[in-house]
Amino acid sequence: MSEARVSLPVVRGFGETSRRDLWWLQPLVVFLGLATFVVYSTWAAFEGRYYYLESNGANYLSPFYSPELFGPSPHHWFGPKPAWWPGWLIFSPALLILWMPAGFRVTCYYYRGAYYKAIWADPPNCAVGEPRKSYWGENSLPLILQNVHRYSSTSRSSSSRSCSGTSSRPADSRTTRANWHFGLGVGTFVLLLNVILLGGYTFGCHSFRHLIGGRCDELAKAPTQKGAYDCVSCLNRWHMAWAWCSLFWVGFSDVYVRMCAAGYWHDWRII
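First, a word on what this report is: a plain description of the structure on this page.

Definitions and limits used
Residues numbered from 1 in each chain as written. Predicted model: local features only at pLDDT ≥ 70, side-chain atom pairs only at ≥ 80, totals over all residues. Heavy atoms only, no water. Salt bridge = Lys/Arg side-chain N within 4 Å of Asp/Glu carboxyl O. Helix = DSSP H or I, 4+ residues; strand = E, 2+ residues; numbered from the N terminus. Phe/Tyr/Trp six-rings, centres within 6.5 Å; stacked < 30°, edge-to-face > 60°. Buried < 20%, exposed > 50% of the residue type's maximum accessible area, 1.4 Å probe, protein only. Core = buried A, V, L, I, M, F, W, Y, C linked by side-chain atoms within 4.5 Å. Contact = heavy atoms within 4.5 Å. Pairing = 2+ DSSP bridges.

On to the pattern of salt bridges. Overall, the coordinates contain 9 salt bridges when judged by the stated rule. Glu-47 is the salt-bridge partner of Arg-49, the closest N and O atoms lying 3.2 Å from each other. With a closest N to O distance of 3.2 Å, Arg-258 and Asp-254 form a salt bridge. With Arg-258 and Asp-254 both in helix 8 (residues 239–262), this residue pair falls 4 residues apart, about one helical turn.

What follows is the structure, given as structure tokens:
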């Protein structure tokens, strides 16, 4: 009679591994990158100042505050601070809209894998012992909330379209009763690149690919849908790169507008 040998799972203590490479380097870099962005974006959202620039022909709005539903800048949609806003609560236009991109990124399939390792050490890296023995899964609170990603992707797509229309004009323009001004500055290209990177990240999302064609059993019978699915799949192959580049650049875009608005940097005008 033949015998089958079955290997039992190896139980490792936290951080225990037989790997000889610098396995801790990747999760450390990811942790520092995500932590830096979270701390800065939280501060920028509550700060509520220096998020737009209208000077010397420039007309910029930080992507953290775009679209500005209510606020003091000329970019607002519905007026200044609303009367129904509680007086005891800090008001910042960013707090009204940042929940959309924040929810999209936090529940993103790539970011889950990234911060599960880097922040929760679940596990710290492949073949490395983790600090817990049980498997929680994503079928109970709080991790079941990760399943809202497919819904937050819809709000994120809408937010990206609004962002491209309000925070990053391909050419600065200002319309008044007296005149109409057209111009280009360094900030124009900073914000335009921001929209490109956000678009690549958003429209390369796994959930968006499913929305476009993943539900169709035979894509060959729907050539238009298949073409759209292939385009999204092309972006999806570089989803990690889009995720990191867009994360860095959306933060830098806010820094650029903020530094110019505060007077520390000067936006060099091309036209």
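Once that is clear, we can look at the packing of aromatic side chains. The final tally for this structure, using the stated rule, is 23 aromatic pairs. Geometrically, the ring pair formed by Phe-203 and Phe-208 is edge-to-face, given 5.2 Å between the ring centres and 65° between the ring planes. Residue classification places Phe-203 among the partly exposed positions, given a relative accessible area of 27%. Among the residues examined, Phe-208 registers a relative accessible area of 16% and is labelled buried. These aromatic residues form a ring-pair network of at least three members: Phe-70, Trp-77, Phe-78, Trp-84, Trp-85 and Phe-91.

Quick look at the nonpolar core now. Of all hydrophobic cores here, the largest spans 34 residues; its most connected members are Leu-34, Phe-64, Tyr-65, Leu-96, Tyr-110, Tyr-111 and Tyr-201. Looking at this core, the elements with two or more residues in it are helix 1 (25–47), helix 2 (99–106), helix 3 (109–118), helix 5 (186–202) and helix 8. Ranked by residue count, the leading element in this core is helix 3, at 6 residues. The contacts of Tyr-111, once residues within four sequence positions are left out, are Leu-34, Arg-105, Tyr-116, Tyr-201, Ala-243, Trp-244 and Leu-247. One finds Tyr-60, Val-190, Tyr-256 and Val-257 within the second-largest nonpolar core, a separate group that totals 10 residues.

Of the two faces of strand 2 (residues 58–61), the one holding Ala-58 and Tyr-60 and the one holding Asn-59 and Leu-61 are both buried throughout. Examined bridge by bridge, strand 1 (residues 52–55) and strand 2 share 4 bridges and lie antiparallel to one another. For Leu-53, the partnering residue across the bridge sits in strand 2 and is Tyr-60. Where strand 1 folds back on strand 2, the antiparallel hairpin that results is connected by 2 residues, among which Asn-56 adopts a positive phi of roughly 55°.

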